[in-house]
Amino acid sequence: MDRLSLIFWLWMLCFGITLVWTLVQVTVGWAVGARPVSAILGYGPTLVKCHIGGIPCSFRLIPGGGAVSFKALTEGAASRDSLLQLSAPRYAAAVLLPWVVQVTIGMACLGASKALHQFASGFAMPFELFLLRDRVEHFLALIQHGERVTALGLLSVKMAAVNLLPLPFFAGGALLFLPWRKARPDWVEKLALISFAAFMSWTLYVSYLVITTLF
């Protein structure tokens, strides 16, 4: 597989996972009683804007992450986040179920045993910097050799594991701080900034590894 095709399939896999997560998040939100207001798929410059099911959606250049907003802006009044108005069990379901779906996709692609093993090991991935280069090279080799289903399953469970880490801006942190979801203590906000900065540094390092492996 030539380099351009490899980049294309890498982009498609990341976009596919982001799209599935966003659709599930919107669907689960509706199901538990929260009203999605907007959805953003990816990062960077906007490629396409459209409405899907009456919800404004923005498709951006760099896939691999997204956001669904439940915060409605009311003229002359403070914004109201319908997700935060839910009971604790419904809020937990809205946060957790999209990642359960990602793990389920991984199980369909890899088999249950392998997917769960890869999911469990994914929690340590941000801290195992010395293994990242080998992991990036292995993942890109899967795509290059046409094993895209395996690559999809692996990426699904790893992304689910990372997003369930107990950091304030991740799903795992949202569950951990469930009792304080409506009014977080100041120390939680400070922890969120510190952990976000650390995670962005890690993300930049992974991006560097991907680019140097590709080129």
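Our subject in this report is the structure included herewith.

Calculation rules
Residues numbered from 1 in each chain as written. Predicted model: local features only at pLDDT ≥ 70, side-chain atom pairs only at ≥ 80, totals over all residues. Heavy atoms only, no water. Helix = DSSP H or I, 4+ residues; strand = E, 2+ residues; numbered from the N terminus. Rg over C-alpha atoms; globule rule 2.2 N^0.38 Å. Contact = heavy atoms within 4.5 Å. Areas by Shrake-Rupley, 256 points an atom, 1.4 Å probe, with all protein chains shown as cover. Phe/Tyr/Trp six-rings, centres within 6.5 Å; stacked < 30°, edge-to-face > 60°. Buried < 20%, exposed > 50% of the residue type's maximum accessible area, 1.4 Å probe, protein only. Core = buried A, V, L, I, M, F, W, Y, C linked by side-chain atoms within 4.5 Å. Patch = residues over 30% accessible without salt bridge, like charges linked within 9 Å, V, L, I, M, F, W, Y side chains within 5 Å. Salt bridge = Lys/Arg side-chain N within 4 Å of Asp/Glu carboxyl O. Axes fitted to C-alpha atoms, helices over the stretch in contact; angles between N-to-C directions. Left-handed = near helix turned anticlockwise from the far one by under 90°. Nonpolar A, V, L, I, M, F, W, Y, C, P; charged D, E, K, R; others polar.

**Concerning the overall build of the protein chain**
And step 1. Across its full length, the protein chain carries seven helices and four strands.
And step 2. Computed over its C-alpha atoms, the radius of gyration of the protein chain comes to 18 Å, within 12% of the 17 Å expected for a compact globule of 215 residues.
And step 3. Its C-alpha atoms give the protein chain principal-axis dimensions of about 55 × 35 × 30 Å.
And step 4. Residue pairs in contact within the protein chain that sit at least 24 positions apart in sequence constitute 64% of those at least 6 positions apart.
And step 5. In the structure as shown, the protein chain presents an accessible area of about 11800 Å², 68% of it carried by carbon and sulfur atoms.

**So, the environment of Val149**
And step 1. With respect to the helices, strands and loops of the structure, Val149 is situated in helix α5 (residues 148-163).
And step 2. Along the sequence, Val149 and Leu84 sit 65 residues apart, while their C-alpha atoms lie 36 Å from each other.

**Examining the packing of aromatic side chains**
And step 1. This model, assessed by the stated rule, comprises 13 aromatic pairs.
And step 2. Both rings, one in Phe119 and one in Phe123, keep their centres 5.1 Å apart while their planes meet at 70 degrees; by these two values the pair is edge-to-face.
And step 3. Under the relative-accessibility criterion, Phe119 is labelled buried at 17%.

**Remarks on the nonpolar core**
And step 1. Val68, Leu83, Leu86, Tyr91, Trp99 and Phe119 are the most contacted members of the largest nonpolar core, which totals 31 residues.
And step 2. For this core, the secondary structure elements donating two or more residues are α1 (3-32), β1 (38-52), β2 (55-69), α2 (88-110), α3 (112-122), α5 and α6 (171-176).
And step 3. With sequence-adjacent residues up to four places away left out, Trp99 is seen in contact with Trp21, Met159, Ala160, Asn163, Leu164 and Ala171.
And step 4. The next biggest cluster of nonpolar side chains, apart from the first, holds 25 residues, and it includes Ile17, Leu132, Leu140 and Leu142.

**Observations concerning the side chain of Asn163**
And step 1. Within the secondary structure layout, Asn163 lies in helix α5.
And step 2. Residue classification places Asn163 among the buried positions, given a relative accessible area of 18%.
And step 3. Setting aside anything within four residues of it in sequence, one finds Asn163 in contact with Trp99, Phe170, Ala171 and Gly172.

**Structural notes on the environment of Val103**
And step 1. Tracing the chain through its elements places Val103 in helix α2.
And step 2. Residue class for Val103 comes out buried when judged on its relative accessible area of 12%.
And step 3. Those residues in contact with Val103 that sit more than four places away from it in its chain are Leu116, Phe119, Val157 and Ala160.

**Observations regarding a nonpolar patch on the surface**
And step 1. A contiguous nonpolar patch, built from Tyr43, Leu47, Val48, Leu61 and Ile62 and spanning about 470 Å² of accessible area, is present on the exposed surface.
And step 2. Elements with a minimum of two residues in the nonpolar patch: β1 and β2.
And step 3. The dominant element in the nonpolar patch, judged by the number of residues it contributes, is β1, at three residues.
And step 4. Locating Tyr43 in the fold gives a position in strand β1.
And step 5. Given the relative accessible area of 48%, Tyr43 is considered partly exposed.

**What about the pattern of salt bridges?**
Pairing between side chains of opposite charge can happen when their charged atoms approach one another.
And step 1. All told, the structure shown has one salt bridge when counted by the stated rule.
And step 2. Note that Arg135 is salt-bridged to Glu128, the shortest N-O span being 2.8 Å.

**Here we look at the packing of α1 against α2**
And step 1. The contact between α1 and α2 brings their axes to 9 Å, and the two run at 145 degrees. The interaxial crossing formed by α1 with α2 has right-handed handedness. Across the interface between the two elements, Ile17, Val20, Trp21, Val24, Gln25, Val28 and Val32 from α1 touch Arg90, Ala93, Ala94, Leu97, Pro98, Trp99, Val101, Gln102 and Ile105 from α2.
And step 2. For the contact of α1 with α2, the residue count by class is 13 nonpolar, two polar and one charged.

In short, shape yes, function no, at least from these values alone.
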